[in-house]
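# Summary of the model geometry
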Amino acid sequence: MNIIKRFMLKYKGHLFHLWCEEFFGWLVRSLPGLFGMVLRWGLYRLLFAELKSFCTIYSGVYLTHTYGLKVGRGFSPNSGALIDARGGIEIGDHVMVGPHAVIVSSNHAFRQTDAPMATVDHVMAPVKIGNDVWIGAHAVITGGVTIGNGVVVSAGAVVTKDVDD
């Protein structure tokens, strides 16, 4: 099946949302300073599944599939962070995400070996991050992981299993 047709069928309920996210995200993603933060907050207040209060989204943060993103108070992702919430991500209060950290809630169906990797679907795996969490620079949080309250994920860590409070 054509890749574009497959994408449209899979995300048909979210196509307009994804378009708005890409277009308006592109417009505000790299705006500097307080003005940029306020514009990003205004945009994502409309696009997130839930956003409880003002958040400081630094320039250069890339957010995608935000229809699956629920965020508590005091959220602060730093420059270069990538958050892909297609499988659902729930983030608690006062969570900091370091520069170039990656949080994903899906993965390719790599165990499906009868088809080329580029043609297999994503396997959705929700991520839950507790309150008062610091995710260090260049850390990677993979799908299906729960991170407890008060956790510090060290810079460069790759988290593939749950982390207790």
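Check the entry above for the structure.
Here's a quick rundown of the structure. (Residues numbered from 1 in each chain as written. Predicted model: local features only at pLDDT ≥ 70, side-chain atom pairs only at ≥ 80, totals over all residues. Heavy atoms only, no water.)

### So, the nonpolar core
The biggest cluster of nonpolar side chains holds 35 residues, and the ones touching the most others in it are Ile103, Ile129, Ile135, Ile141 and Val153. Of all the secondary structure elements, the ones that give two or more residues to this core are α2 (15–28), α3 (33–47), β3 (69–71), β6 (89–91) and β11 (127–129). A per-element tally of this core places α3 first, with 3 residues. Among all residues touching Val153, those that are not within four sequence positions of it are Trp134, Ile135, Gly136, Ala139, Ile141, Ile147 and Val159. (Core = buried A, V, L, I, M, F, W, Y, C linked by side-chain atoms within 4.5 Å. Buried < 20%, exposed > 50% of the residue type's maximum accessible area, 1.4 Å probe, protein only. Helix = DSSP H or I, 4+ residues; strand = E, 2+ residues; numbered from the N terminus. Contact = heavy atoms within 4.5 Å.)

### Let's talk about the sheet that holds strand β16 (residues 158–159)
In space, the 5 strands of this open sheet follow the order β2-β5-β8-β13-β16, with parallel pairing throughout. Only two strands of the sheet have a single neighbouring strand rather than two, namely β2 (62–64) and β16. Across 2 bridges, the pairing between strand β13 (residues 140–141) and β16 is parallel. Looking at the pairing, Ile141 lines up with Val159 of β16. (Pairing = 2+ DSSP bridges.)

### Points about the environment of Ala118
With respect to the helices and strands, Ala118 occurs in the loop between β9 (106–108) and β10 (122–124). Sequence separation between Ala118 and His108 is 10 residues, and the spatial gap between their C-alpha atoms is 8.7 Å.

### Focus on the pattern of salt bridges
As enumerated under the stated definition, the model contains 2 salt bridges in all. Of the charged contacts, one joins Glu50 and Lys52 as a salt bridge, the two residues approaching to 3.9 Å between their closest N and O atoms. Owing to a relative accessible area of 32%, Glu50 belongs among the partly exposed residues under this scheme. Judged by relative accessible area, Lys52 falls into the partly exposed class, the value being 44%. Linking Asp84 and Arg86 is a salt bridge whose minimum nitrogen-to-oxygen distance equals 2.9 Å. Neither Asp84 nor Arg86 differs from the other in exposure class; each is buried. (Salt bridge = Lys/Arg side-chain N within 4 Å of Asp/Glu carboxyl O.)

### So, unusual backbone geometry
Here the phi dihedral of His94 falls at roughly 60°; this positive angle occurs in a residue that is not glycine. With respect to the helices and strands, His94 occurs in the loop between β6 and β7 (96–97).

### Topic: α2
End to end, α2 covers 20 Å across 14 residues, agreeing with the expected 20 Å (1.5 Å per residue, within 8%). Listed as buried for α2 are His17, Leu18, Cys20, Glu21, Gly25 and Val28. For α2, the buried positions fall inside an angular range of 160° around the axis, keeping them on one side. What points out from α2, more than 90 degrees from its buried face, is the exposed set Phe16 and Trp26. (Expected span 1.5 Å × (residues − 1). Arc of directions from axis to C-beta.)

### Some thoughts on the layout of surface pockets
One way to see where empty space is left: roll a probe the size of a water molecule over the atoms. Empty space within the largest pocket amounts to approximately 240 Å³. Every residue along the wall of the largest pocket is listed here: Ile3, Arg6, Phe7, Lys10, Tyr11, Arg86, His108, Ala118, Val120, Asp121 and His122. At 4 residues, helix α1 (residues 3–10) tops the list of elements feeding residues into the lining of the largest pocket. The calculated volume of the second largest pocket comes to roughly 150 Å³. (1 Å grid on protein atoms, 1.4 Å probe; cavity = no way out; pocket = protein on both sides within 12 Å on 5 of 7 lines; lining within 4 Å. Points joined across faces, edges and corners; volume = space filled by probe spheres on them.)

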